[in-house]
Amino acid sequence: MKGAALSAGVMALNHRVLDFKSWAQTQAQAPVRRVPTFCNACGNRCGMFAYVKNGRLWKIEGNPEANGNLGSLCARGHGYIHDLYSPSRIKGPLKRVGEKFEPISWEQAYKEIATRINLILINHPPQSIFWVNYPQSNNAYALRLMHALGSPHYFTHGSTCYTARNAGWNFTVGSLPSNDLAHSKYIMIIGRNPAGGIDLAQVKKIAEAKEKGAKLVVVDPRHNETAILADDWLPIKPGTDLALLLAMINVMVKEELYDRDFVEKKTVGFQQLEDEIINYPPEWAEKVCEIPAATIVRIARTMAGFKPRALIHRGYHGAFGCQYLNSFQTARALAIANALLGNINREGGIYFPQSAQLGELQPKHPVPEGPKVPKSDGTGIPGRYPLGAYGDGIAHAIPELALRGELKAGFVYHYNPLRTNPNPKRVIAGYQKLDLLVAIDTVLSETASIAHYVLPESFYLERDEAVDTKHSGKIAQVTIQQQVVKPLHDTKPGTQIIIDLAKHLGVGKYFDFDLEEANRLRLKPLGVTLEDLRQKGVLAVGKEWKEGFDKLPTPSGKVEIHCATLEKLGYPPIPRWEDPLVSPDPKDPQSFRLLHGKQAIHSHAMTANQPYLLEVSRRYDLIRLWMNRKRGAALGLKDGDWVRVKSMVG
Ligand SMILES: Nc1nc2c(c(=O)[nH]1)N[C@H]1C(S)=C(S)[C@@H](COP(=O)(O)OP(=O)(O)OC[C@H]3O[C@@H](n4cnc5c(=O)[nH]c(N)nc54)[C@H](O)[C@@H]3O)O[C@H]1N2
Ligand SMILES: Nc1nc2c(c(=O)[nH]1)N[C@H]1C(S)=C(S)[C@@H](COP(=O)(O)OP(=O)(O)OC[C@H]3O[C@@H](n4cnc5c(=O)[nH]c(N)nc54)[C@H](O)[C@@H]3O)O[C@H]1N2
Ligand code: SF4
Ligand SMILES: [Mo]
């Protein structure tokens, strides 16, 4: 500063530029613009206000009206905004030339991608093209593009996240419900950690319930962040939650603790459950899951005492997503245990959130005909993966399908399978086998780094997005992510990239609209205008949630404790014990089960090089492996020692 002042005096240049005091004053007093938008540092998509000052992003704050976060933002949200100005961003389209990338214009990139796809289509059917993404609000347009090309191969990250949980709930109550945490008096959470695998609204609601005296039970082999709030922490043996749930059901049935009226009127198959569940007394479960029988009995009894204002959290990724062979049965048992508490669509229980239905683009813009062939991954096909969700597909299968030559060209959008799919060697081999790989990202991710073309999407703060209705709750909400600052580099919004690709691939007739027109058409039936939505970022639409239900979207219209569809497909129609596919060898002191849990200040793999978040990891010594204390001691290990971990795949 001294130096600057001195040279300023000597050189006597423009006073306005060099007078620091007045410069600082102008900067501080510069007008601030507030833009309502949505965070994109993880899939929760929290509502927020972004503030712009002097043309630069200044700060962000949570939007208290958004269902998903109720005014809070997490550390990741705050850390990730800095990536807007990160030197690691891709600054324009890239083309692979040998081992290197060279800059290329958008027009040239689109032309070359279209030519290569047309060449592939001379010898291969349309289904050899695929698209995979972590769901964004513009998904409908990506799906539209695949359908326009005649391919069924649109995939989401689902199989690497929540598939088994969703299937378990779908085959029991017909859809995926939510948890009415704030009004519950007894909350049990199994293999889910909302304070670490962050869900801000859920954490707030758990805290609210606790303030009103609710009890919290956390079941996790790790003492996770949510367990800090718990009255009971049950360190279960991984992969055995099904045994715990079966034993709880056993106690509720044997001691007649269940909601008799609800079971009689709203469920099918209780009789068959009674016959099966005698096989699973708490003493049996204790041996399998290592939770004492007396604890299981105590928890089942206490919980039932609070019914129907007692719930077992619907679960997410941890114990259910795609982790264990028995995850589907675990999710079914979880749903059934809730039904026995009579809490389905009840205050303080499990409830079906209100969600808004966006309008369609037709008749003004025709929808492409659906693809005529099934997905090659086997989702929805009896004998293959009939319980898998057709809409999500099985992203895990992409490498195999590529190695078998069934997939030839792919678009990977906002997804980094080379880092976030299991068995990296197989994943790399599969994606490398493709004749054409196009990555759409903001940085050169591991996946982008092996692509033939990289199309840089504008950072989320630089782009408008498709209107969305992801934020369901007691009242449905429609939301919009919108541009906060102008793009810093030669990048484009994802929706524009999809529309441009369609035009170059010869299916432009299905994409004769721009984002603004599409947004207006989609909002029409909701009775809100784009202008109103832009002003607030989030608007409540539709009717308030009400307790109870007449008919569920299951074949019987009731909770399917016994599921005839599963029986027809050759699966157990009543949950029964199943071992995890692989287990550690109890005789080998070096054999462990590797668990995975989110770190509260990182999102999957994508924030791993975010300097601020990484510094938090370092300072709080979070970059470490956890191990059971006794098992560690038996190996002569102390806290802080280095270990080497190997598995069958890496
Ligand atoms: N900080 C952060 N928050 C996130 C995300 C993120 O990347 N980072 N991602 C978001 C996404 S996409 C998702 S899907 C959710 C996931 O949210 P969660 O499902 O809550 O996240 P996980 O950490 O995968 O798993 C939760 C817990 O399951 C435990 N667990 C593992 N195996 C078992 C088992 O066999 N039995 C039991 N009972 N517990 C087990 C782990 O120790 C972990 O603490 O988080 C969301 N929020
Ligand atoms: N190692 C590891 N693997 C995991 C998990 C984990 O926590 N760790 N979690 C599992 C779960 S629950 C899930 S849901 C999946 C998630 O799987 P992914 O979606 O693959 O996970 P991310 O690491 O979030 O990768 C997102 C990619 O999108 C890019 N990206 C970020 N913002 C934008 C944007 O605005 N536009 C575009 N085009 N790209 C953007 C990031 O740079 C990154 O390359 O992973 C699963 N596998
Ligand atoms: S939970 Fe955190 S990272 Fe995820 S959307 Fe909300 S603020 Fe952003
Ligand atoms: Mo996830």
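Here's a quick rundown of the structure.

1. So, the overall build of the chain
Phase 1: Helices and strands together make up the secondary structure of the chain, namely 23 helices and 20 strands.
Phase 2: A compact globule built from 650 residues would reach a C-alpha radius of gyration of about 26 Å, and the chain, at 27 Å, matches this within 12%.
Phase 3: In the chain, which comprises 650 residues, the proportion classed as buried is 53%.
Phase 4: Excluding contacts between residues fewer than 6 apart, the proportion of contacts in the chain whose partners are at least 24 apart in sequence is 71%.

2. Details of the site of ligand 2
Phase 1: Around ligand 2, the structure places 25 residues, and the nearest of them are Asn-416, Thr-420, Asp-441, Glu-457 and Met-606.
Phase 2: At 3.1 Å, a side-chain N or O of Asn-40 approaches an oxygen atom of ligand 2.
Phase 3: Here ligand 2 loses 91% of its free accessible area of 920 Å² to cover by the protein chains.
Phase 4: For the shell around ligand 2, the elements supplying multiple residues, two or more each, are helix 16 (417-420) and strand 16 (436-441).

3. Digging into the packing of helix 9 (residues 241-254) against helix 11 (residues 270-277)
Phase 1: Closest axis-to-axis distance for the helix 9/helix 11 pair is 10 Å, and the angle between their directions is 110°. Judged on the interaxial angle alone, helix 11 and helix 9 are roughly perpendicular. You can see that helix 9 and helix 11 cross each other, and the crossing is left-handed. Contacts from Leu-246, Ile-249, Asn-250 and Val-253 of helix 9 reach helix 11 at Phe-270, Leu-273, Glu-274 and Ile-277.
Phase 2: Of the residues assigned to the contact of helix 9 with helix 11, the class counts are six nonpolar, one polar and one charged.

4. A short note on helix 19 (residues 515-523)
Phase 1: The set of residues buried in helix 19 consists of Leu-515, Ala-518, Asn-519, Leu-521, Arg-522 and Leu-523.
Phase 2: Check the buried side of helix 19 and you find it contacts helix 6 (139-149), strand 18 (476-479), helix 18 (494-504) and helix 20 (530-536).

5. Looking at the pattern of salt bridges
Phase 1: Using the criterion set out here, one finds 28 salt bridges in the structure.
Phase 2: Where salt bridges share partners, they join Glu-457, Arg-463 and Glu-465 into one cluster.

6. Describing the sheet that holds strand 9 (residues 186-190)
Phase 1: Here four strands make up an open sheet; going across it, the order is 11-10-9-13 and the pairing parallel. Two strands lie at the open edges of the sheet, namely strand 11 (232-234) and strand 13 (310-312), each paired on one side alone. Mean inter-strand twist for the sheet, computed between neighbouring axes without regard to direction, equals 10°.
Phase 2: Sheet topology note: the strand 10 (residues 215-219)/strand 11 ladder contains three bridges and is parallel. Looking across to strand 11, one finds that Val-217 is bridged to Asp-232.

7. A look at unusual backbone geometry
Trans peptide bonds make up most of the peptide bonds, and negative phi angles are found at most residues other than glycine.
Phase 1: With omega at 5°, the peptide bond leading from Lys-307 into Pro-308 counts as cis.
Phase 2: Of note, the bond from Gln-362 into Pro-363 is cis; its omega dihedral lies within 30 degrees of zero at 10°.
Phase 3: Assignment of secondary structure puts Pro-363 in the loop between strand 14 (350-351) and helix 15 (398-403).
Phase 4: You will see that Glu-290, though not glycine, has its phi angle at about 70°, which is positive.
Phase 5: Along the chain, Glu-290 falls in the loop between helix 12 (282-289) and helix 13 (293-305).
Phase 6: Residue classification places Glu-290 among the exposed residues on the basis of a relative accessible area of 52%.
Phase 7: The backbone of Asn-345 sits at a positive phi, close to 55°, despite the residue not being glycine.

8. Describing the site of ligand 3
Phase 1: Around ligand 3, the neighbouring residues are Cys-39, Ala-41, Cys-42, Asn-44, Arg-45, Cys-46, Leu-73, Cys-74, Arg-76 and Gly-77.
Phase 2: Among the residues forming the shell around ligand 3, the class breakdown is six nonpolar, two polar and two charged.

9. Re the packing of aromatic side chains
Centre distance and the angle of the planes are the two values used to describe a pair of aromatic rings.
Phase 1: Taken as a whole and assessed by the stated rule, the structure comprises 19 aromatic pairs.
Phase 2: An angle of 75° between the planes, with centres 5.8 Å apart, marks the rings of Trp-284 and Trp-577 as edge-to-face. With Trp-284 in helix 12 and Trp-577 in the loop between helix 21 (564-569) and helix 22 (611-619), the pair connects residues that are 293 residues apart, well separated along the chain.
Phase 3: Take Trp-577: its relative accessible area is 18%, and that puts it in the buried class.
Phase 4: Judged by centre distance (5.2 Å) and plane angle (40°), the ring pair of Phe-459 and Tyr-460 falls under tilted.
Phase 5: For Phe-459, a relative accessible area of 1% translates into the label buried.
Phase 6: Residue class for Tyr-460 comes out buried when judged on its relative accessible area of 1%.
Phase 7: Grouping aromatic residues by their ring pairs yields a cluster made of Tyr-80, Phe-459 and Tyr-460.
Phase 8: The ring of Phe-101 has Arg-96 sitting right over it, with the charged end atom 4.6 Å from the ring centre.
Phase 9: We note Lys-492 situated over the ring of Trp-106; from NZ or CZ to the ring centre the distance is 5.3 Å.

Reading guide: rules and limits
For every chain, the first residue of the written sequence is number 1, and numbering continues from 1 along that sequence. Written order decides the labels, with chains lettered from A and ligands numbered from 1. Per-residue local features are limited, in this predicted model, to residues with pLDDT of at least 70; the limit for side-chain atom pairs, both in listing and counting, is 80 or more; totals at the level of whole chains, interfaces and linings are taken over all residues. Computation of side-chain values covers all heavy atoms of the structure but excludes hydrogens and water. Secondary structure follows DSSP: runs of H or I at least 4 residues long count as helices, runs of E at least 2 residues long count as strands, and numbering of each begins at the N terminus. Every radius of gyration here is taken over C-alpha atoms, with the globule rule written as 2.2 Å times N^0.38, N being the number of residues. For every residue, the accessible area (1.4 Å probe, protein chains only) is compared with the maximum for its type, and the residue is labelled buried under 20%, exposed over 50%, or partly exposed between those bounds. Contacts were defined at the residue level, with two residues in contact if any of their heavy atoms lie within 4.5 Å. The rule for a residue being near a molecule or strand is that one of its heavy atoms must lie within 4 Å of it. Pairing of N or O atoms within 3.5 Å defines a polar contact, subject to two protein rules: one partner must be a possible hydrogen donor and the other a possible acceptor, and residues neighboring in sequence count only if both atoms are side-chain atoms. Here, Shrake-Rupley sampling with a 1.4 Å probe gives the accessible areas, and only protein chains in the shown set may cover a residue. Fitting a line to C-alpha atoms yields each axis, with helices limited to the stretch in contact; the angle taken between N-to-C directions then spans 0 to 180 degrees. Any angle that is under 35 degrees is reported as roughly parallel, and any over 145 degrees as roughly antiparallel; angles of 65 to 115 degrees are reported as roughly perpendicular and all others as oblique. Handedness of a crossing is defined here by the sense of rotation of the near helix relative to the far one, left-handed for an anticlockwise turn of less than a right angle and right-handed for a clockwise turn. Here the term charged refers only to Asp, Glu, Lys and Arg, the term nonpolar to Ala, Val, Leu, Ile, Met, Phe, Trp, Tyr, Cys and Pro, and the term polar to all other amino acids, Gly among them. In the sections that follow, a salt bridge refers to a side-chain nitrogen of Lys or Arg positioned within 4 Å of a carboxyl oxygen of Asp or Glu. For two strands to be treated as a pair, DSSP must find at least two bridges joining them. In summary, the pairing rule links any two rings of Phe, Tyr or Trp, Trp by its six-membered ring, whose centres are within 6.5 Å, and it sorts them by plane angle into stacked for under 30 degrees, edge-to-face for over 60 and tilted for everything else. In this scheme, Lys NZ or Arg CZ marks a charge over a ring once it lies within 6 Å of the ring centre and within 35 degrees of the ring normal.

That's the geometry; what it means functionally is another story.
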